[in-house]
Amino acid sequence: MKRPALAAGLALGLIALSGPAFAQAFGVGSYSEQTGEALYQGVCQGCHMPNAKGAVGAGAYPALAENRKLTAKVYPVLVVLRGQKAMPEFGSSFTDAQVANVVNYVRSNFGNHYTDAVTPDEVKTLRASLLPR
Amino acid sequence: MYEAMSSLAYAGESGYTGPPNLSGDVKGASVLILGSGLAGMTSAYELRKAGYKVKILEYQDRPGGRNWSLYGGDTYTELGGFTQNVAFDKGLYLNPGPWRIPYHHYGILHYCKLLKVPLEPFIQSNYNAYVHSTKAFGGKPQRFRHVQADYQGYVAELLAKSTRQNALDQSVTKEDQEILLESLRGWGALDKNYEYRLGEASSERRGYESDPGGGLTSAPTPSQPLGMQDLLRSRLWRSIGAGNGYETQQSLFQPVGGMGMIGKAFGAELKDLIQYNSKVTDIRQDAKGVTVTYHDTKTGGAPRQASADWCICTIPASVLSQIPITVGAPMKAAIDALSYGASVKVGLQFKRRFWEEDENIYGGITYTDQPNSIIAYPNSGYFGGGKGVILGAYAFGSSAYELSSLSPKDRVAKSLEYGANVHPQYMSEFDTGASVAWHRVPWTLGCAGSWTEALRAEHYDDLCALDGRIVLAGEHASRIPAWQEGAVLSALDAIRRLHQRVLAG
């Protein structure tokens, strides 16, 4: 018997929702924030922290501040779209513009000074290149 | 004897088949268990009983893992260093994680009985609580009872109308249509004309405007149903099925004094086996055994090592994916594939139990379209006066991310703001609050593994397989994710397979 996201939704009180809404229980939804700053402060800083320095417990959230992995703009776009390990994907909830805005915000703040902004069109192309998961 | 009886009672039911039968000579084999949550402690309890040498390494300074309650006097520091000093009154609490146990979660209920953890009813459905939308009925909360009765009544009326207009002739025989009509009248509280309208029939479901009484002032006044169009467009019907799910149908239970009572009792039973404040940094296996490197987070010092013949690892995949571990590529890929969901709970203590005193709501849940999602009332302590702690938010999805991004203090403030739209007493009666955002919990980095059907098809079997001398357990290694039962069943399945391997030599 298959009991996919349904059971998780039930576990967590989302019994009020139906059909595809169950699949949205954990990560997927939509966000009203549009600017990079608003998205960072409304979504990302829950884990990466208000100062973007990450945090360490039994596991860790990586710092985005002064992070050399952000050198190539494609990399953070892919991580946001697909997720990585414990990090959920935001490809199904962020628009191309939201992905571009938040990546550009992080790459030009918190001690990062990358000037080659990513465009929504570039996000769109990258999104299309991903295999469905 | 008790366990033998349990085995019989459970035979053939659900995923739980009674306590595991781990008979046979284990020849002094040792098992190192990582994590003292329910999966780890279930494993330890049963393996010790079967004759294994057992040791548990635990990151925290307490047993239970996500089985956890926050009480007054507790201090909780989330990732980012935000510290809360919980100030609830004695006996009051917030269950940050699991908070209810369905009657058919036989595994966890078995261990509650075994450990003598007293249980009491958890109220899932309260017809006198509210369903609320900021976009309907002027933002005024509606009694669950009214919306439930009216929705059912109108659906019955429409179906009766279709039947009588011969619209169902292709689907239902004439003879059966009579039976259907009879059932719709009863089910929907319709009048003799098969209409759902103001009157005794509908008021026996939705309640009266003024209730029948005694003596000379006893005549009741029926209540006016909500308009059908208003009701449909309100979308409040989204919330009235909440108690219909297999896992939310009555009866449900909660431990007296907080869900964390299970973890405490388990921890006391296994106190000689658990080593707290141990942060695992490396998990290695070879043909002879498993060696785990860990740091003592309290005393510091050089890394230490613990070795055993076998290892049951219950560390959440969110954390485990960051720890070097010698397992095969399929299990590693499975660990790395699982992200962890956001969820936020906020507990609000009020100076008096106004939901009971003013609104006659005793336990159960109010549903709202605001980001706090629900307001859940305490399921015990009725009529005793004094303070009470409400679950003021239980958020998921995008709302949970947004609440997680706030400081604990701001999460409480937001929950008050949302809740005041349902209960105007909120602001004047508020006393103190506490919140847990699961993405900021240092030892899980999320509330539960976010399986999708596709991920499960690709990775689930590899995640659960015995890899050499290591096997994983926990809610993430179950098909009941985010439920405690999943953790227990996962552990029982893992130790049965491990035991078979040990006996096979």
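If you're wondering where the values come from, they're calculated on a predicted model, not measured in any experiment.

Asker: Would you mind going over the overall build of chain B with me for this structure?
Answerer: What chain B contains, in helices and strands, is 16 helices and 22 strands. By residue count, 51% of the 505 residues in chain B fall in the buried class. Contacts spanning at least 24 positions in sequence make up 69% of the contacts within chain B whose residues lie at least 6 apart.

Asker: Sorry if this is basic, but what is going on with the overall build of chain A here?
Answerer: What chain A contains, in helices and strands, is six helices and two strands. Start at the N end of chain A and walk to the C end: the helices and strands fall as α-α-α-β-β-α-α-α. A burial count over chain A gives 45% of its 133 residues as buried. When contacts within chain A are restricted to residue pairs at least 6 apart in sequence, long-range pairs at least 24 apart make up 51% of them.

Asker: Can you help me understand the nonpolar core in this one?
Answerer: Grouped burial of nonpolar side chains is what soluble globular proteins tend to show. Residue and element names in this part refer to chain B. With 167 residues, the main nonpolar core has Val31 and Cys311 as its most contacted residues. If you tally residues by element for this core, the top one is helix α16 (residues 484-504), at nine residues. Ignoring sequence-local partners within four residues, the contact set of Cys311 consists of Leu32, Leu34, Ile283, Val290, Val292, Arg469 and Ile470.

Asker: Teacher, can you tell me more about the sheet that holds strand β13 (residues 278-285) of chain B here?
Answerer: Think of a sheet as strands paired side by side through backbone hydrogen bonds, with each pair either parallel or antiparallel. Residue and element names in this part refer to chain B. Spatially, three strands are ordered β13-β14-β15 in an open sheet, and the strand pairing comes out antiparallel. Each edge of the open sheet carries a strand with a single partner, namely β13 and β15 (304-308). Shown here is a sheet whose adjacent strand axes are inclined to one another by a mean of 25 degrees, direction ignored.

Asker: Can you walk me through unusual backbone geometry in this structure?
Answerer: Trans is the common state for peptide bonds, and a negative phi is the common state for residues other than glycine. Residue and element names in this part refer to chain B. The amide bond that connects Gln250 to the next residue, Ser251, takes the cis arrangement and shows omega of 5 degrees. Structurally, Ser251 can be placed in the loop between α7 (228-234) and β11 (252-255). Phi at Lys27 takes a positive value of approximately 50 degrees, unusual for a residue other than glycine. Along the polypeptide, Lys27 turns up in the loop between α1 (2-10) and β1 (30-34). Even without being glycine, Asn360 reaches a positive phi, approximately 55 degrees. Its place among the elements puts Asn360 in the loop between α11 (354-357) and β18 (364-368). Owing to 10 C-beta atoms within 10 Å, Asn360 belongs among the exposed residues under this scheme.

Asker: Can you walk me through the environment of Tyr52 of chain B in this structure?
Answerer: All names here are of chain B. Residue position: Tyr52 is located in the loop between α2 (38-49) and β2 (53-57). Taking the number of C-beta atoms within 10 Å as the measure of exposure, Tyr52 has 26 and is therefore buried. Separated by 24 residues in the primary sequence, Tyr52 and Gly28 place their C-alpha atoms 6.0 Å from one another. Beyond its immediate sequence surroundings of up to four residues, Tyr52 is in contact with Val26, Ala29, Ser30, Val31 and Leu47.

Asker: Help me understand the packing of helix α5 (residues 96-107) of chain A against helix α6 (residues 120-129) of chain A, please; the structure alone is not making it clear to me.
Answerer: When two helices pack together, their arrangement is captured by the angle between the axes and the distance separating the axes. Residues and elements named next belong to chain A. Between α5 and α6, the least distance of the axes is 8 Å, while the angle of their chain directions is 115 degrees. Taken together, the axis directions place α5 and α6 in an arrangement best described as roughly perpendicular. In terms of crossing hand, the pair formed by α5 and α6 is right-handed. Along its contact with α5, which presents Asp96, Ala97, Val99 and Ala100, the element α6 presents Pro120, Val123, Lys124 and Arg127. Each residue belonging to the contact of α5 with α6 can be placed in one class, and the counts come to five nonpolar, no polar and three charged.

Asker: Looking at this model, I keep getting lost on the pairing of β18 of chain B. Mind explaining?
Answerer: Residues and elements named next belong to chain B. Here β18 lies mainly inside the structure; five of its five residues are buried. Burial along β18 is two-sided: Gly364, Thr366 and Thr368 and Ile365 and Tyr367, pointing in opposite directions, are all buried. Counting the residues that bridge the hairpin from β18 to strand β19 (residues 374-377) gives five residues, and of these Ser373 lies at a positive phi of roughly 70 degrees.

Asker: Any chance you could explain helix α10 (residues 329-337) of chain B here in plain terms?
Answerer: Since the α-helix advances by 3.6 residues per turn, residues separated by three or four positions end up pointing in the same direction. Residues and elements named next belong to chain B. Among the residues of α10, those classed as buried are Met331, Ala334, Ile335 and Ala337. An end-on view of α10 places all buried positions within 165 degrees of arc, on one side of the element. Against α9 (317-320) and α15 (453-464) lie the buried residues of α10.

Asker: How do you make sense of the sheet that holds strand β7 (residues 101-102) of chain B when you look at a structure like this?
Answerer: All names here are of chain B. Strand order in the open sheet made by the three strands is β7-β11-β8, with antiparallel pairing throughout. Every other strand in the sheet has two partners, leaving β7 and β8 (119-122) as the edge strands with one partner each. Pairing geometry for β7 and β11, over two bridges, is antiparallel. Along β11, the bridge assignment pairs Ile101 with Phe253.

Asker: Would you take a moment to explain the pairing of strand β14 (residues 290-296) of chain B for this structure?
Answerer: Within a regular strand, the side chains alternate between the two sheet faces. All names here are of chain B. Bridge count for β13 against β14 is seven bridges, and the pairing is antiparallel. Following the sheet pairing, Val280 is matched in β14 by Tyr294. In sequence, β13 turns back onto β14 through a hairpin of four residues. Inspection of the sheet shows β14 paired to β15 by five bridges, in the antiparallel sense. Residue pairing across strands places Val290 opposite Ala308, the latter belonging to β15.

Asker: Please clarify how the packing of helix α4 (residues 74-82) of chain A against α5 of chain A should be interpreted in this entry.
Answerer: Residues and elements named next belong to chain A. Closest axis-to-axis distance for the α4/α5 pair is 10 Å, and the angle between their directions is 130 degrees. Relative to α5, α4 is oriented oblique. Two packed elements cross with a definite hand, and for α4 against α5 that hand is right-handed. Mapping the contact onto sequence places Pro76, Val77, Val80 and Leu81 in α4 and Val99, Val102, Val103, Val106 and Arg107 in α5. In terms of residue class, the contact of α4 with α5 is made up of eight nonpolar, no polar and one charged.

Asker: I tried to follow the environment of Gly83 of chain A on my own but got confused; where do I start?
Answerer: The residue Gly83 of chain A is located in the loop between α4 and α5 in this model. Not counting residues up to four positions away in its chain, the partners in contact with Gly83 of chain A are Pro88 and Glu89 of chain A together with Ser339 of chain B.

Asker: I would appreciate a short explanation of the confidence of the model for chain B in the present structure.
Answerer: Any residue range with low pLDDT should be treated as having predicted coordinates unsuitable for detailed reading. Residues and elements named next belong to chain B. Taken over all residues, the pLDDT of chain B has a mean of 96, while the share at 70 or more is 97%. Segment residues 1-6 is flagged for pLDDT under 50; beyond a separation of four residues in sequence, or across chains, it makes four contacts in the model. Taken together, the stretch residues 8-13 has pLDDT below 50 and engages in six contacts with residues farther than four places along the chain or on a different chain. Both confidence scores are given for the complex: pTM 0.93, ipTM 0.92.

Asker: I'm lost on the environment of Arg304 of chain B in this one. Help?
Answerer: All names here are of chain B. Relative to the helices and strands, Arg304 is located in strand β15. Expressed as a C-alpha distance, the spacing of Arg304 and Tyr294, which sit ten residues apart in the sequence, is 5.4 Å. The contacts of Arg304, once residues within four sequence positions are left out, are Tyr294 and Asp296.

Cut-offs applied
Residues numbered from 1 in each chain as written. Chains lettered and ligands numbered in written order. Predicted model: local features only at pLDDT ≥ 70, side-chain atom pairs only at ≥ 80, totals over all residues. Helix = DSSP H or I, 4+ residues; strand = E, 2+ residues; numbered from the N terminus. Buried ≥ 20, exposed ≤ 12 C-beta atoms within 10 Å, placed from the backbone. Contact = placed C-beta atoms within 7 Å. Core = buried A, V, L, I, M, F, W, Y, C linked by C-beta atoms within 7 Å. Pairing = 2+ DSSP bridges. Axes fitted to C-alpha atoms, helices over the stretch in contact; angles between N-to-C directions. Parallel < 35°, antiparallel > 145°, perpendicular 65-115°, else oblique. Left-handed = near helix turned anticlockwise from the far one by under 90°. Nonpolar A, V, L, I, M, F, W, Y, C, P; charged D, E, K, R; others polar. Arc of directions from axis to C-beta. pLDDT = per-residue confidence, 0-100.

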